[in-house]
Amino acid sequence: MALVKARGTKRPSATSSYSAASSIVAFVGLSVLGLWLILTFHSFAPSQQPTAPAKTEKTPTRLSSIGHTHHHSSALPQTRQNEPEIKVENGEEAVIEPERKVQNDEVAVIEPETKVENHEAAVIEPEAKVESNEEAVIEPDTKIENDETQTGDQVDHQDTKESRDNSDAVEEQEKQAALENQTSEESSMTQKEEIIQGNQRSETKIEADDGNHGAEDVSAEGGSESQGSNTAGNEITDEDQQRRIDEDQQGEEQQKQQEGKEAKSTDPNGATSHAQTQHDEAPIHLHQDGSSSEETDKPKAQTTSEEVKHDSLDEDTGKVKPVSEKMNEETSNKNNEASTTSEDSIEIPKESTESKNSWTTQANQSENQKERRNGGPNGKDNSNHGYTWLLCNVTEGADYIPCLDNEKVVANIHSRAHHEHRERHCPTNAPTCLVPLPKGYKKRIDWPQSRDKIWYNNIPHTSLAEYKGHQNWVKVTGEFLTFPGGGTQFIYGALHYIDFIQEAVPDIAWGKHSHVVLDVGCGVASFGGYLFDRDVLTMSFAPKDEHEAQVQFALERGIPAISAVMGSQRLPFPSRVFDVVHCARCRVPWHVDGGSLLLELNRVLRPGGYFVWSATPVYQKLEEDVQIWKEMSRLTVSMCWELVTIKKDKINSIGAAIYQKPDSNDCYNRRKQKEPLMCKTDDDPNAAWYIPLQSCMHQIPTQENERGSQWPEEWPERLQTPPYWLNKSKMGIYGKPAPDDFVSDYEHWQKVVSTVYMNDLGIKWSEVRNVMDLRAVYGGFAAALKDQNLWVLNVVNVDSPDTLPIIYERGLFGIYHDWCESFSSYPRTYDLLHADHLFSNLKKRPRILNDGVISRCKLEFAMAEIDRLLRPGGKLIMRDESSTVAEVVDFLKSLHWEVFLNHSKNQEGILSAKKSDWRPTSFADSS
């Protein structure tokens, strides 16, 4: 395309030049006149400006488009249609294309996403501010300040040949820049993170300094994809114009490809690409459909009129992940990929290391009382996704409890007078095998229907139904096992029996004054199951004995229970925590061995609490019963237990004796006979982990700040009230004064449960009944679930601060345990397990085995135990260090579990997973 030459304007000559012409001869005058004309002609030519000395290579002449200028320009001639705009200043012509910026005698090639600093090129993303001495390639919304550029009216004129050479150089440079952009994409990622700024602008502002003529204000009218060329001469041929058009099209294609790789984008689910990632992460809310949305105060990048699904960056590999691959991955894995929840806005409390000096642990307390018996992990170390699992090759099959079914140890126990063979005897090498499922196993029946019936195939045992069927314990009814709600002492219903007790002693006040109950020898736990109707929480236990699967029946029904026996060791509970202890025809020999078993109940019963004994010696006159009653009466009197009443129930034809423990030491001091003895002052009543029974009584606390000196608040006020004996001078677990720490913990779990656990973890809470908190602190997690139709067993680890008394004080219940050993429960008995920083602490814990070898708990055993306790379809919620969460995810994948949520932030992770019904086909070695 040829350009029309602009018309020059002749400047008027000075009249003083002709004043002396008349006195000079004509020849001289003509000569002077000719010289003057020549000089005048040259004055109309454009002045040459100095070029930048720093540039040795030819400067490209392609310019970004500039809309218009407002200098004192001459009128522009008419141009052909679709030709670039022509600007004429000071007798010169220039082709002006959109978004061109030139300063200080150099031409800048403005391309997408390139940043140049210190004479070196670097690929950048949008939102970058570029300050450079050389060519800079930018996107819209970018501010550039260069030291060596020139405006449109200062471009040097060059001949046509030089213009063509420049055009060739532009084409070559574009190809080279595209290649450099592609190869430097990964290597410059770190540099880009440091360069990217958060300011985005709707319009590009370009500040130019022309050095001689002042500043020009330039506003962009063309798009960033519109590019053109400026000629160095006054004419451009049709061939040159066509070449520029081809180059423009090629540049637009390259720019679109580059934008598709690195432009900021938002995927369809709301997850931002790597280009949008900032150093400070903003909270992201996980929606129920698995999508997430980011909350940020920073300005959002403007999007085009058409929504484009961009590729995203894989943060693990540093490579671009195609959008199709990303969408497929999101569809197949759902919430398995890293996601953030609204919990990110809730600060996770950290345990204070200083607080450990203020708290004792069950391990320390118990170690001071006896020589502990320890188990240990096995020697395998296959903690990865390819871990090979095998079925447990044991005679108990689907009912295997490792610490209660240790046949090798039990076979070597010579004395069984105190039921030692039914106590815990954990294997030295903790088993890492999986327990098989019973044939025909089905998803359990939901509460409250489960209180009345369960699937027979889930617990296919009939001996208890045959032995106790006439007493309404359990019956076989088609494909169900049914529970009429009775028992040996309450054949006509548990609720009538419960009301009968309160009528006998109104001060018991079920659900208000009395809220936490211990049921000894519980059978199928119907007593505890129906106490839920009176807003009472009951810890039921019975041994794994000839009454086959009685505790398993209880747990399948949705009633709290553990397998335990009153034998030679203390129960795994703190002292002075139960409001009521109940025994209905439990046939426990309370009066033998100096009354050691009844004295153990005295240890765990709260001062002022009640013991309800509903047994044949109370109301029958058989010789054996009469003798037991005499022995029992003598023992309870010497223990200062007051016999409140003996009440007969005519409907059930039974009777109950109800005793009350003293709330002071007055009676102890008045005793004539000092039997049983008072315990020594160095005997810790709270030591309960593998501690032999003691035939003695502990003093009643009398100081106002001592636990047990007062009855706690009535339920439910006690749930959120800090115990009166929590001293402000004592540091809490999380670093605040203990009462304040208690309140903060309660508020924290209220927020976490309501905003995260109830909505974002893929859990249908109406199907959750049996819950275990594997590492409870103050019981805040259980307290936050108060209004749900479920119960939570709080486990305090033996190596953690002993906070279990606080849990009982607030009207909840729990147990001591060492997770390096198996838990005393049947397989498939819990719907939900909650593990808050359990596994990372477990890995760090040293253990001394029987042979003196120091070892550590290993995750493969813990995962096998988790798998054993959970029902198929049961859920695991885990909060822990990110590295530990990653290890657990590998194990869960090897177990064929479904991971719903796996998110890590600030080196803290949260995990939600669901157990499948997968079982391996091969059995482990029976040895």
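The notes below deal with the structure included here. The structure presented is a predicted model; accordingly, all values stated were derived computationally and were not measured.

## Focus on the overall build of the chain
Now for step 1: Scanning the chain for helices and strands turns up 22 helices and 37 strands.
Now for step 2: Within the chain, the fraction of its 927 residues that count as buried is 54%.
Now for step 3: For the chain, restricting intrachain contacts to residue pairs at least 6 apart in sequence, the fraction spanning at least 24 positions comes to 71%.

## Concerning the pattern of salt bridges
Now for step 1: In the structure shown here, the tally under the stated rule is 24 salt bridges.
Now for step 2: A salt bridge links Glu479 to Lys442; its shortest N-O distance comes to 3.4 Å. With Glu479 in the loop between strand S18 (475-477) and strand S19 (480-482) and Lys442 in the loop between helix H7 (407-411) and strand S17 (453-455), this pair connects stretches of sequence that are 37 residues apart.
Now for step 3: Glu887 is the salt-bridge partner of Lys843, the closest N and O atoms lying 2.5 Å from each other. Taken together, the residues Lys843 in helix H20 (residues 839-844) and Glu887 in helix H22 (residues 882-894) connect sequence positions 44 residues apart.
Now for step 4: When its relative accessible area of 27% is taken as the criterion, Lys843 is described as partly exposed.
Now for step 5: What makes Glu887 partly exposed here is its relative accessible area of 24%.
Now for step 6: Each of Arg444, Glu556, Asp831 and Arg871 takes part in salt bridges that share partners, so that together they form one network.

## Brief notes about unusual backbone geometry
Now for step 1: Going from Glu675 to Pro676, the amide bond is cis rather than trans, its omega being -5 degrees.
Now for step 2: Turning to its location among the elements, Pro676 is positioned in the loop between helix H15 (666-670) and strand S27 (677-678).
Now for step 3: The phi dihedral of Gln907 is positive, around 65 degrees, even though this residue is not glycine.
Now for step 4: Inspection of the secondary structure assignment puts Gln907 in the loop between strand S36 (898-905) and strand S37 (908-914).
Now for step 5: A relative accessible area of 66% means that Gln907 is categorised as exposed.

## Focus: the sheet that holds S37
Now for step 1: Taken in spatial order, the 7 strands of this open sheet run S31-S30-S29-S32-S35-S37-S36, and their pairing is mixed. A single partner strand is all that each edge strand has here, and the edge strands are strand S31 (814-817) and S36. Neighbouring strand axes in the sheet, compared pairwise and without regard to direction, differ in orientation by 15 degrees on average.
Now for step 2: Looking at chain direction, strand S32 (residues 830-836) and strand S35 (residues 870-881) are connected through 6 bridges and run parallel. Looking across to S35, one finds that His834 is bridged to Ile877.
Now for step 3: In the packing of helix H21 (residues 859-869) onto the sheet, the strands contacted are strand S29 (770-773), S32 and S35, and the crossing angle to S35 comes to about 140 degrees.
Now for step 4: On the sheet, H22 packs against S35, S36 and S37 and is oriented at approximately 160 degrees with respect to S35.

Calculation notes
Residues numbered from 1 in each chain as written. Predicted model: local features only at pLDDT ≥ 70, side-chain atom pairs only at ≥ 80, totals over all residues. Heavy atoms only, no water. Helix = DSSP H or I, 4+ residues; strand = E, 2+ residues; numbered from the N terminus. Buried < 20%, exposed > 50% of the residue type's maximum accessible area, 1.4 Å probe, protein only. Contact = heavy atoms within 4.5 Å. Salt bridge = Lys/Arg side-chain N within 4 Å of Asp/Glu carboxyl O. Pairing = 2+ DSSP bridges. Axes fitted to C-alpha atoms, helices over the stretch in contact; angles between N-to-C directions.

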